[in-house]
Amino acid sequence: MKKTVPYLSLSLLLLHVPLFAAAQNGLSWLNSSTDNSSTEQAPLKQIGAEIFIQIFKEEKLLELYTKNRDGRYQLTQSYPICNYSGGLGPKTLTGDFKSPEGFYHISIKQLNPNSHYYRAINLGFPNEFDKSKGYSGNNLMIHGECKSIGCYAMTNRYIEEIYQYAEKALYHGQHEIKINIYPFRMTSQNMKRHKNSNNYLFWKQLQPAYEYFANTGIPATISVIDGRYVVNAKIKNPSSFWDTESNYTISKLK
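All values derive from a computational prediction rather than experimental measurement. (Residues numbered from 1 in each chain as written. Predicted model: local features only at pLDDT ≥ 70, side-chain atom pairs only at ≥ 80, totals over all residues. Heavy atoms only, no water.)

A. Highlighting the overall build of the chain. Of regular secondary structure, the chain possesses 5 helices and 13 strands. A total of 254 residues make up the chain; the buried ones form 40% of that total. For the chain, long-range pairs separated by at least 24 residues make up 54% of all intrachain contacts whose partners lie at least 6 apart in sequence. Accessible area of the chain: about 14,600 Å², with a carbon and sulfur share of 53%. (Helix = DSSP H or I, 4+ residues; strand = E, 2+ residues; numbered from the N terminus. Buried < 20%, exposed > 50% of the residue type's maximum accessible area, 1.4 Å probe, protein only. Contact = heavy atoms within 4.5 Å. Areas by Shrake-Rupley, 256 points an atom, 1.4 Å probe, with all protein chains shown as cover.)

Put into C-alpha cells, the structure is as follows:
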C-alpha cells in the first residue's frame with residue numbers, strides 16, 4: 001500500500017491541473033453566459049413590421065400582432081396587463097374610473113416617450129363613437145408603472161417593448177395602428193355567459209370585429225353609423241356615407 005501512495009498523489013495532482021484550468025477558463029464562460037441571460041433581452045421579433053393590437057379586459061391580456069407577407073397578421077407577443085380599473089363595460093363619463101372598450105387607432109403624435117408613467121400610448125378616447133354618445137374623458141393610455149386610473153397599465157419592461165413595436169411600425173410607414181379593446185374574448189360561449197349584462201347590446205356591436213379577425217387574420221374596417229359600430233360596411237352610394245349596409249348583423253343600441 002505504501003508504494004501506491006506517491007502514484008495516487010501524483011494522479012490527483014495531475015487531475016487538479018485541468019480542473020483548475022477549467023475553473024479559470026470554463027467557469028468564466030459559464031458566468032458570462034449566465035449574466036447575459038439575466039441582463040440582455042432577446043431581440044424583438046418582426047420589429048418594424050406593421051402591427052395590430054387587441055386587448056382583453058377579463059383575461060388581462062394585450063396581444064400584439066405583426067403583418068406577414070400575405071397581408072395577414074400573426075400573433076407575435078402576448079403581454080399580461082398589470083392593471084386596469086372600473087371592471088367590464090365601456091367608459092362613459094369623466095371620473096367613472098373605467099378603462100375604454102371599443103375600436104381605437106393611434107398615430108405617431110400619440111406616443112409619449114417621457115411620460116410620468118415611463119412610456120405612454122394615448123388611445124385617442126373619445127373616438128367618433130364615444131363622441132356620438134356624449135361620452136367624456138381624456139388622456140386614457142396604455143402606459144407603464146403598473147398603476148391605472150382608467151388606463152391599461154403594464155410593467156415598464158412590457159410597455160418598453162410595446163412602445164418600440166409601435167414607434168418602429170409608424171416610422172417605417174404604417175399610417176395608424178388599430179387597437180381593438182374587448183371586455184373578454186368574444187366567443188359565443190362568453191357572450192352567453194354575459195347575456196344578462198347591461199352592456200350586452202354594446203358588446204354585440206364589438207363581436208363581429210372579433211370574429212372577423214379570428215377567421216381571416218385581417219383587422220376589420222370599422223365605421224360609426226347612426227351612433228353604432230358597423231363592421232366592414234359596404235357603401236352603396238359613395239356620395240352618402242350613411243347609406244350603407246353591413247356584412248354582419250349588428251344589434252342597434254336602444
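B. Seen up close, the confidence of the model for the chain. Model confidence for the chain is summarised by a mean pLDDT of 83, while 76% of its residues fall at 70 or above. Across residues 1-39, where pLDDT falls below 50, the model places 3 contacts with residues more than four positions away in sequence or in other chains. Every residue in residues 237-254 scores below 50 in pLDDT, and together they form 48 contacts with partners more than four places removed in sequence or on other chains. (pLDDT = per-residue confidence, 0-100.)

C. Geometry of unusual backbone geometry. In this model, Phe125 is joined to Pro126 through a cis peptide bond whose omega is 0 degrees. On the secondary structure map, Pro126 appears in the loop between strand S6 (118-122) and helix H2 (128-132). Residue Lys60 is not a glycine yet carries a positive backbone phi of 50 degrees. Here Lys60 is to be found in the loop between strand S1 (51-56) and strand S2 (61-67).

D. Geometry of the nonpolar core. In this structure, Ile55, Leu62, Ile142 and Ile179 are the most contacted members of the largest nonpolar core, which totals 49 residues. Looking at this core, the element that brings in the most residues is helix H3 (residues 156-171), giving 7 residues. Sequence-distant contacts of Leu62, defined by excluding residues within four places in its chain, comprise Ile53, Gln54, Ile55, Gln77, Ser78, Tyr79, Ile81, Ile142, Met154 and Ile162. (Core = buried A, V, L, I, M, F, W, Y, C linked by side-chain atoms within 4.5 Å.)

E. Main features of the pattern of salt bridges. Across all of its chains, the model carries 6 salt bridges by this definition. Note that Lys91 and Asp96 form a salt bridge whose closest N and O atoms lie 2.6 Å from each other. Overall, Asp96 belongs to the partly exposed group, its relative accessible area being 22%. For Arg119, the salt bridge identified is with Glu160, shortest N-O distance 3.3 Å. Residue Arg119 is located in strand S6, and its partner Glu160 is located in helix H3; the two are separated by 41 residues in the primary sequence. (Salt bridge = Lys/Arg side-chain N within 4 Å of Asp/Glu carboxyl O.)

F. Looking closely at the packing of aromatic side chains. Taken as a whole and judged by the stated rule, the model has 17 aromatic pairs. Centroid distance Phe52 to Tyr73: 6.2 Å. Interplanar angle 70 degrees. Geometry classified as edge-to-face. Taken together, the residues Phe52 in strand S1 and Tyr73 in strand S3 (residues 73-80) connect sequence positions 21 residues apart. We note that Phe52, like Tyr73, is buried. (Phe/Tyr/Trp six-rings, centres within 6.5 Å; stacked < 30°, edge-to-face > 60°.)

G. Region of the structure containing the sheet that holds S1. On the basis of which strands lie adjacent, the open sheet formed by 5 strands has the order S3-S2-S1-S9-S4 and mixed pairing. Looking at which strands have only one partner, the edges of the open sheet turn out to be S3 and strand S4 (102-106). Taking the axes of each pair of neighbouring strands and ignoring which way they run, one obtains an average angle of 20 degrees across the sheet. Across 7 bridges, the pairing between S2 and S3 is antiparallel. Paired with Leu62 across the two strands is Tyr79, which belongs to S3. Sheet strands touched by H3: S1, S2, S3, S4 and strand S9 (177-182). Its angle to S3, the strand with the most contacts, is close to 150 degrees. (Pairing = 2+ DSSP bridges. Axes fitted to C-alpha atoms, helices over the stretch in contact; angles between N-to-C directions.)

H. Spatial organisation of the layout of surface pockets. In this structure, the largest pocket spans a volume of roughly 260 Å³. Looking at the largest pocket, it is lined by 16 residues, and the ones nearest its centre are Phe103, Tyr104, His105, Ile222 and Ser223. Looking at the lining of the largest pocket residue by residue, the classes come out as 8 nonpolar, 5 polar and 3 charged. In this structure, the second largest pocket encloses a volume near 200 Å³. Residue lining of the second largest pocket: Asn112, Ser115, His116, Tyr117, Ala120, Asn139, Met141, His143, Lys147, Ser148, Ile149 and Cys151, and that is the complete set. Counting only elements with at least two residues in the lining of the second largest pocket, the list comes to strand S5 (111-115) and strand S7 (141-143). For the lining of the second largest pocket, a count of residues per class yields 5 nonpolar, 6 polar and 1 charged. (1 Å grid on protein atoms, 1.4 Å probe; cavity = no way out; pocket = protein on both sides within 12 Å on 5 of 7 lines; lining within 4 Å. Points joined across faces, edges and corners; volume = space filled by probe spheres on them. Nonpolar A, V, L, I, M, F, W, Y, C, P; charged D, E, K, R; others polar.)

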